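# Secondary and tertiary structure notes
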Amino acid sequence: MGDIAGGVEQTHRAVDAAARTRSVRVRAQLGQLYPYTVGRPTSRTVGEARARIRELLSS
């Protein structure tokens, strides 16, 4: 809803949780979030969150 910093923070928390649990369902949900981080003018922090999602999904 426009709170980029809050969204990035929550994304990092979700990636951390997904890495600990190895949950297929959580990974699928992160996969649904990924497109929202692509194709728009983004800040460095959004790029870092996108990279973490991509790394988790490729492992």
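Residues numbered from 1 in each chain as written. Predicted model: local features only at pLDDT ≥ 70, side-chain atom pairs only at ≥ 80, totals over all residues. Heavy atoms only, no water.

It is worth spelling out the environment of Arg-44 at this point. Structurally, Arg-44 can be placed in helix H3 (residues 44–58). For Arg-44, a relative accessible area of 61% corresponds to the exposed category. Within the structure, the side chain of Arg-44 is placed 2.6 Å from the side chain of Glu-48, a separation counted as a polar contact. (Helix = DSSP H or I, 4+ residues; strand = E, 2+ residues; numbered from the N terminus. Buried < 20%, exposed > 50% of the residue type's maximum accessible area, 1.4 Å probe, protein only. Polar contact = N/O pair within 3.5 Å; in protein donor to acceptor, adjacent residues only side chain to side chain.)

Looking now at H3. Between its first and last C-alpha atoms H3 spans 21 Å; for 15 residues at 1.5 Å apiece the expected length is 21 Å, and the two agree. Among all positions of H3, only Val-46, Gly-47, Ala-49, Arg-50, Ile-53 and Leu-56 are buried. Looking at the packing, one finds that the buried side of H3 touches helix H1 (4–21) and helix H2 (24–33). (Expected span 1.5 Å × (residues − 1). Contact = heavy atoms within 4.5 Å.)

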